[in-house]
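Commentary on secondary and tertiary structure
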Amino acid sequence: MRTYKIAAVPGDGIGSEVIGAGCELLEKVAGAHGFKVDFEHFDWGSDYYRKNGVMMPADGVERMRDFDAIYFGAVGDPKIPDAVTLWGLRLAICQGLDQYANVRPTRLLPGLKGPLRPELGAEIDWVIVRENSEGEYAGVGGRAHAGLPIEVGMDVSVFTRAGVERICRFACELARSRPRKKLTIVTKSNAQRHGMVFWDDNCRRVVADYPDLDVDWMLVDAMTTRMVLKPGSIDTVLATNLHADILSDLASAVAGSLGIGATANLDPTRAGPSMFEPIHGSAFDITGKGIANPIGSFWTAAMMLEHLGEPAAAASIMAAIENTTREGKVMPPDLGGSAGTRTVTKAVIDALQTALAPA
Ligand code: ATP
């Protein structure tokens, strides 16, 4: 039987609640589609840090290489600086495994009311491609002259020809695979005259190889208004690490809730495993209350199965999610209902089984 080895890294806060729910759903869908998912669970994260002084063992990234995919929850703890938690776990894995393409689909799921007018909300069908290995989050910079009036802190944005070309090529291929064949490239080269102009130059050279695509360019500030005012004019979006980080939070807000969004950190070369995670953070304000919305982790599971070459299983997860939201009877609090994580998980699993049952 086809068997996929999955590293489950729930991490912090509600991570274990939503990844636990996602593993349950994945086992059901795998059984129905004739394959197996073999999970190994890793207790890395902020509690691990409190005990061991590190977010994961020194050979953590190497240990991930044995898996077909990584199913990741969330990272972040109110008592530990984000620079420690994020760089010690999530970014260490993304960068260590060169998962250079971060992909975030956004749609307003059926039955959900986003904050936009209904006719605008219905137009949202985007995929944001975020450069995930360099740019503003390359980790290059430093601090000097601590405590003196001349103290300085710097983060240097790093754009390499290889880095920009490969992410732009990835975004072009993705745009080409979608019906509208439309790509918007986000930039800020009017104000940032070096790295961002270099970004534009390299993107321009790559898109010349894709004459079938409808390509347009937007300054990042103008892109925010376009996402809200003309959502239907957008399909695939390419942006730098920082810009896409911000735009994708806006995307999840207009799609109804942070609790439903999913993202993939891909190594498109498939030299190593890719990592799949819901977009929300640790959400400590609701941790342990049993009310975390697991839909983001379910959508994440669908993206993982798609990547693993199980598109039918991925589609049945999406159908089960959409049937649940369309019906609207079992909704978690962040979507205006009162159902807890367990109840929503059961509703989606029931919807999955109904969809799979012979007519
Ligand atoms: P990060 O810095 O890691 O992105 P954050 O604190 O900005 O984290 P979240 O932890 O995602 O963001 O939480 C933001 C808000 O959204 C919180 O009020 C949280 O309760 C809510 N939230 C996030 N995820 C979920 C979820 N799955 N279900 C319900 N509410 C959620």
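Now for a look at the structure at hand. These numbers come from a predicted model, not from an experiment.

What counts, and at which threshold
Residues numbered from 1 in each chain as written. Predicted model: local features only at pLDDT ≥ 70, side-chain atom pairs only at ≥ 80, totals over all residues. Heavy atoms only, no water. Phe/Tyr/Trp six-rings, centres within 6.5 Å; stacked < 30°, edge-to-face > 60°. Buried < 20%, exposed > 50% of the residue type's maximum accessible area, 1.4 Å probe, protein only. Helix = DSSP H or I, 4+ residues; strand = E, 2+ residues; numbered from the N terminus. Lys NZ or Arg CZ within 6 Å of the ring centre and 35° of its normal. Polar contact = N/O pair within 3.5 Å; in protein donor to acceptor, adjacent residues only side chain to side chain. Contact = heavy atoms within 4.5 Å. Expected span 1.5 Å × (residues − 1). Core = buried A, V, L, I, M, F, W, Y, C linked by side-chain atoms within 4.5 Å. Domains from an automatic or database assignment.

Focus on the packing of aromatic side chains
Applying the stated criterion across every chain yields a total of four aromatic pairs. Aromatic pair phenylalanine 42 and tryptophan 44: ring centres 4.7 Å apart, planes at 50°, arrangement tilted. Each member of the pair phenylalanine 42 and tryptophan 44 is classed as buried. Judged by centre distance (5.7 Å) and plane angle (85°), the rings of phenylalanine 42 and phenylalanine 67 are edge-to-face. Of this pair, phenylalanine 42 sits in the loop between β2 (35–41) and α2 (46–52) while phenylalanine 67 sits in the loop between α3 (60–64) and β3 (69–74), placing them 25 residues apart in sequence. The exposure class of phenylalanine 42 is buried, given its relative accessible area of 5%. Taken together, the aromatic side chains of Phe42, Trp44 and Phe67 make up a single cluster linked through ring pairs. It is arginine 204 that lies over the ring of tryptophan 217; its NZ or CZ is 5.3 Å from the centre.

Digging into the side chain of arginine 226
Following the sequence through the fold, arginine 226 ends up in helix α8 (residues 220–229). Residue arginine 226 is classed as buried on the basis of its relative accessible area, which comes to 12%. A polar side-chain atom of arginine 226 sits 2.8 Å from the main-chain carbonyl oxygen of serine 233. Apart from the residues lying within four places of it in its own chain, the contact partners of arginine 226 are Lys182, Thr184, Asp216, Met218, Pro231, Ser233 and Ile234.

Focus on helix α12 (residues 341–356)
Helix length check: α12 (16 residues) gives 22 Å between terminal C-alpha atoms against 22 Å at 1.5 Å per residue, within 8%. Taken as a whole, α12 has its buried residues at Thr341, Val344, Thr345, Ala347, Val348, Ile349, Ala351 and Leu352.

Details of the nonpolar core
The biggest cluster of nonpolar side chains holds 72 residues, and the ones touching the most others in it are Ile6, Leu26, Trp199, Leu238, Leu305, Ile317 and Ile321. There are two domains that each give this core at least three residues, and those are domain 1 (1–101 + 260–359) and domain 2 (115–254). If you look at the next biggest cluster of nonpolar residues, it comprises 18 residues, including Val9, Trp44, Ile70 and Ile93.

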